[in-house]
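Below are the chains, spelled out letter by letter.
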Amino acid sequence: DKLEGLKTIAVTTNGINLTRLLPRLKEAGLNAINISLDTLVPAKFEFIVRRKGTNLSSKATVLILAGMCLLYLQVNCVVMRGFNEDEVLDFVDLTKDLPLDVRFIEYMPFDGKYCCFEILLGHK
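One structure accompanies this document, and this report is about it. Nothing here was measured: the structure is a model prediction, and the numbers come from that model. (Residues numbered from 1 in each chain as written. Predicted model: local features only at pLDDT ≥ 70, side-chain atom pairs only at ≥ 80, totals over all residues. Heavy atoms only, no water.)

Let's talk about the overall build of the protein chain
On a plain count of helices and strands, the protein chain comes out with four helices and six strands. Counting from the amino terminus, the protein chain carries its helices and strands in the arrangement β-α-β-α-α-β-α-β-β-β. For the protein chain, with 124 residues in total, the buried portion stands at 35%. Intrachain contacts of the protein chain at a sequence separation of at least 6 include 61% that bridge at least 24 residues. Roughly 8300 Å² of accessible area belongs to the protein chain as shown, and the carbon and sulfur atoms make up 57% of that amount. (Helix = DSSP H or I, 4+ residues; strand = E, 2+ residues; numbered from the N terminus. Buried < 20%, exposed > 50% of the residue type's maximum accessible area, 1.4 Å probe, protein only. Contact = heavy atoms within 4.5 Å. Areas by Shrake-Rupley, 256 points an atom, 1.4 Å probe, with all protein chains shown as cover.)

Below, the structure written as structure tokens:
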């Protein structure tokens, strides 16, 4: 039963459990998804999620599956100096073949109590 008056029901996720949960979420009315994806390189992806054996190709599968199942799909990518700035055009290329938007978002420069301004791409 859809909630009356709601046009969009969305979730933001890193996508790790999305393949398993997507059918139930879709059934519950989910029609938009934001996936956090900062790299398309498998080794970098494992480093970011801090889980050995996490398969980037499963994340690509999630992107394709979510794109086919949902009305709106957005990828949020944080561009970081020395880490993934060389992948910006690869992310843009994703929009050619898949029904999704890529949004380059700002890095939140906090690591516990300390700021990490030196990795911000636009920061000088």
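Continuing now.
Remarks on the sheet that holds strand E2 (residues 32–36)
Reading across the sheet, the four strands line up as E1-E2-E3-E4 and stay open at both edges, with parallel pairing between neighbours. The sheet is open, and its two borders are formed by strand E1 (10–13) and strand E4 (101–105), each paired with just one other strand. The average undirected angle you get between the axes of adjacent strands in this sheet is 20°. Helix H4 (residues 88–97) contacts strand E3 (72–78) and E4 of the sheet and is inclined by roughly 150° relative to E4. (Pairing = 2+ DSSP bridges. Axes fitted to C-alpha atoms, helices over the stretch in contact; angles between N-to-C directions.)

A look at the pattern of salt bridges
Per the stated rule, a full pass over the model turns up three salt bridges. With its nearest N and O atoms 3.2 Å apart, the salt bridge here joins Glu87 to Lys44. Of this pair, Glu87 sits in the loop between E3 and H4 while Lys44 sits in helix H2 (residues 42–49), placing them 43 residues apart in sequence. Both residues of the pair, Glu87 and Lys44, count as buried. Where salt bridges share partners, they join Lys44, Asp86 and Glu87 into one cluster. (Salt bridge = Lys/Arg side-chain N within 4 Å of Asp/Glu carboxyl O.)

Some points on the pairing of E3
For E3, the buried fraction is high: six of the seven residues fall into the buried class. Examined bridge by bridge, E2 and E3 share five bridges and lie parallel to one another. If you follow Ser36 over to E3, its bridge partner there is Asn76. Pairing between E3 and E4: five bridges, direction parallel. Residue Gln74 lies in a different strand from E4, and its bridge partner there is Asp101. Regarding topology, H4 serves as the crossover connection from E3 to the parallel E4, and that connection is right-handed. (Right-handed = clockwise from strand over helix to strand, strands pointing away.)

So, the nonpolar core
Grouped together as the largest cluster of nonpolar side chains are 19 residues, with contacts concentrated most on Ile33, Leu73, Val75 and Phe91. Listed by contribution, the elements that provide at least two residues to this core are helix H1 (18–27), E2, H2, helix H3 (56–69), E3 and H4. (Core = buried A, V, L, I, M, F, W, Y, C linked by side-chain atoms within 4.5 Å.)

Read these as spatial facts, not as claims about activity.
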